[in-house]
Amino acid sequence: MYLLLDGEQSKRLTFRKITPSDFNSWLPFHEEPLSTQYWEGEKKIPLEACKNQFKAIFERYNNKLGGMNALINSNTNAFIGICGLLVQKVDCIPEIEIGYSVLPKYWKQGYATEAAKKCKNFAIANKISESIISIIHIDNIPSQKVAIANGMFLDKTTTYKNNPVHIYRIKL
């Protein structure tokens, strides 16, 4: 099962694998305290948090556990954010998650929804799973709105990595 959207496109975005040279483009995400305000256990030192995230991204690539894709504006080549299909375990059950994060300067412009919808459509076209989820902290209303706009419903509330989360799901 191939989960990376490398080379895929949506209306405004081109998806590609993240490279080490993307680090400085993504660092502003971690420099904005609102970006990670919901997740307990995340490092609050921006440089360390970004290093840890990049390490996890490349471990996913190497272990074929899906992964985040860089979201590049197709017209300007600007680095917008990251989004992808990820192999996760929630309550000991293997799941495929659509994960998404956008740089603060691009918030509220529809990029997360556009990218999440592309991931959903890719999963449908490639028959990746019977359903896909998004794991969202119970207080993260903006991300919940993205999941709902992507056709997902609130399936359950649980604990994931020591955080209270809603599991949004869509059956494919």
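Below, the structure is looked at part by part. (Residues numbered from 1 in each chain as written. Predicted model: local features only at pLDDT ≥ 70, side-chain atom pairs only at ≥ 80, totals over all residues. Heavy atoms only, no water.)

A few points about the pattern of salt bridges
Okay, so step 1: By the definition in use, this model includes six salt bridges.
Okay, so step 2: Between Glu95 and Arg169 there is a salt bridge whose closest N-O contact spans 2.8 Å. With Glu95 in strand S4 (residues 93–102) and Arg169 in strand S7 (residues 163–171), this residue pair connects regions lying 74 residues apart in the sequence. (Salt bridge = Lys/Arg side-chain N within 4 Å of Asp/Glu carboxyl O. Helix = DSSP H or I, 4+ residues; strand = E, 2+ residues; numbered from the N terminus.)

Some words on the nonpolar core
Okay, so step 1: Counting residues in each nonpolar core, the largest one holds 46 residues, and the members touching the most others are Ile18, Trp26, Ile80, Leu85, Ile98 and Tyr100.
Okay, so step 2: With seven residues, the top contributor of residues to this core is helix H3 (residues 111–125).
Okay, so step 3: For Leu85, the residues in contact, after removing those within four places along its chain, are Leu3, Leu5, Leu65, Gly66, Gly67, Ile96, Glu97, Ile98, Cys119, Phe122, Ala123 and Ile128.
Okay, so step 4: Grouped together as the second largest cluster of nonpolar side chains are six residues, Ile133, Ile135, Val165 and Ile167 included. (Core = buried A, V, L, I, M, F, W, Y, C linked by side-chain atoms within 4.5 Å. Buried < 20%, exposed > 50% of the residue type's maximum accessible area, 1.4 Å probe, protein only. Contact = heavy atoms within 4.5 Å.)

Thoughts on helix H1 (residues 23–31)
Okay, so step 1: The complete set of buried residues in H1 reads Phe23, Trp26, Leu27, Phe29 and His30. When H1 is viewed along its axis, its buried side chains cluster within an angular range of 150° and face the same direction.
Okay, so step 2: On the buried face of H1, the contacting elements are helix H2 (46–62), strand S3 (79–90) and S4. (Arc of directions from axis to C-beta.)

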